[in-house]
Amino acid sequence: MTIEVRNIVKKFGAFAALDHVDLKVPHGELMALLGPSGSGKTTLLRIIAGLDWPDSGDVSFDGENALARGAGERSVGFVFQHYALFRHMTVFENVAFGLRVQPRAVRKDEVGIRARVKELLDLVQLDWLSGRYPGQLSGGQRQRVALARALAIEPRVLLLDEPFGALDAKVRKELRTWLRSLHEEINVTSIFVTHDQEEALEVANSVVVMDKGRIEQIGTPSDVYDNPQTAFVHGFIGESIVLPVDVDDGFVRLGDTPLNIAAEHGSSGPSKLFVRRHDMQISPPGWGGLEGTVRRVRTFGPIQRADIALSGRAGETIIEIDAPRDRELRDGEVVGLQPRRYRIFADPT
Ligand code: ATP
């Protein structure tokens, strides 16, 4: 199922939670809506699900107006952050529930229901727990049951709102990999909400970055990581060092220090330089460009993370860089710094 969202506006009072949002989700996509808290991700998901209505704009499923249908008529499976399982029902009954309440015309008989539930529990690898109650399951297992239940009605769209948000880091990581392979197997158009950039980049085929009710960028995980189109996206994805710089006809300065990098030809004015922590390379001092004093070094496996106090007019500014461990950094050492990959965005503020 292809989903198309056109020019959606959703206001709560005077506040626009969604501000003219356009989005196309091709059939079979596994798409992440990524953004900070309050950026409008859940609101957008709820409108696609039919749990909420926009003030203006259109939503279509395979070219048909979805807004004319309620949530129950859109063939949508929904999974929330907090496993909304029925506590008094076994795993089996929880998954069977959706099948039992289906319209008579498509409802299966008891044998059909049993077979389908078994199939679903096999799919989420939980058949061995079918007799347990939700209270007897781990958080990760509960979320897999919730997924099996959402899939029971064979939805044409699967919507997941922070499905792993309440789980600890290790289980989250396992479930990410698992969700990806499950999606490959069932190939249902799926959209999941997350504020965790690593989760979005690792799981999704395409990532929609949102901020303040607007879409900032849509692309593959490598697109949004390697070619952030806005300052917001660069700052939100990956660990970036951000320095206020002045650009003068393409030449870049930090305070009085000229940096040996170029901005777009002809660009001028106050700007922001974005460099990922591992893209700020250590170079010998005294060659011009950025310099600083190493303040504190910690090691994390193959990398050393160092605080560096920048020298000159840029002083007082401390940046955090990640360097390989082939050359050991020492506290108090003066080093040169050279951005290997960087982006410069005009800063109108
Ligand atoms: P989070 O990651 O915290 O869930 P989100 O990106 O999903 O955030 P939304 O839940 O879509 O954000 O909310 C977007 C904005 O709309 C927020 O500022 C929120 O306070 C506001 N909002 C959402 N629902 C309502 C409501 N029912 N009434 C008033 N304001 C609301």
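What you are looking at is a predicted structure, and each value in this text was computed from that prediction instead of being measured.

Visitor: What's the story with helix α4 (residues 139-151) in this structure? I'm lost.
Guide: For an α-helix, 3.6 residues make a turn, and residues three or four places apart therefore share a direction. Over its 13 residues, α4 runs 19 Å from end to end, which matches the ideal 18 Å to within 8%, given 1.5 Å per residue. On its buried face, α4 is in contact with β6 (76-79), α2 (91-100), α3 (110-123), β7 (157-161) and α5 (169-186).

Visitor: How should I be thinking about the nonpolar core in this particular structure?
Guide: The nonpolar side chains of soluble globular proteins are, as a tendency, buried together. Of all hydrophobic cores here, the largest spans 66 residues; its most connected members are A32, L33, I48, V95, A148, L159 and V208. Sort the elements by how many residues they give to this core and α4 lands first, with six residues. Apart from the residues lying within four places of it in its own chain, the contact partners of A32 are F192, T194, A200, V203, A204, V207 and V208. Counting 23 residues, the second-largest nonpolar core is a separate cluster that includes L273, I282, A306 and I308.

Visitor: Explain the sheet that holds strand β9 (residues 206-211) to me, please; I cannot follow it from the model alone.
Guide: Pairing is mixed across the open sheet formed by six strands, whose spatial order is β6-β7-β8-β3-β9-β10. One side of each edge strand has no neighbouring strand; the edge strands of this open sheet are β6 and β10 (214-219). For this sheet, the mean inter-axis angle between neighbouring strands, taken without regard to orientation, is 15°. Sheet contacts for α4: β6 and β7; angle to β6, the most-contacted strand, approximately 165°.

Conventions and cut-offs
Residues numbered from 1 in each chain as written. Predicted model: local features only at pLDDT ≥ 70, side-chain atom pairs only at ≥ 80, totals over all residues. Helix = DSSP H or I, 4+ residues; strand = E, 2+ residues; numbered from the N terminus. Expected span 1.5 Å × (residues − 1). Contact = placed C-beta atoms within 7 Å. Core = buried A, V, L, I, M, F, W, Y, C linked by C-beta atoms within 7 Å. Buried ≥ 20, exposed ≤ 12 C-beta atoms within 10 Å, placed from the backbone. Pairing = 2+ DSSP bridges. Axes fitted to C-alpha atoms, helices over the stretch in contact; angles between N-to-C directions.

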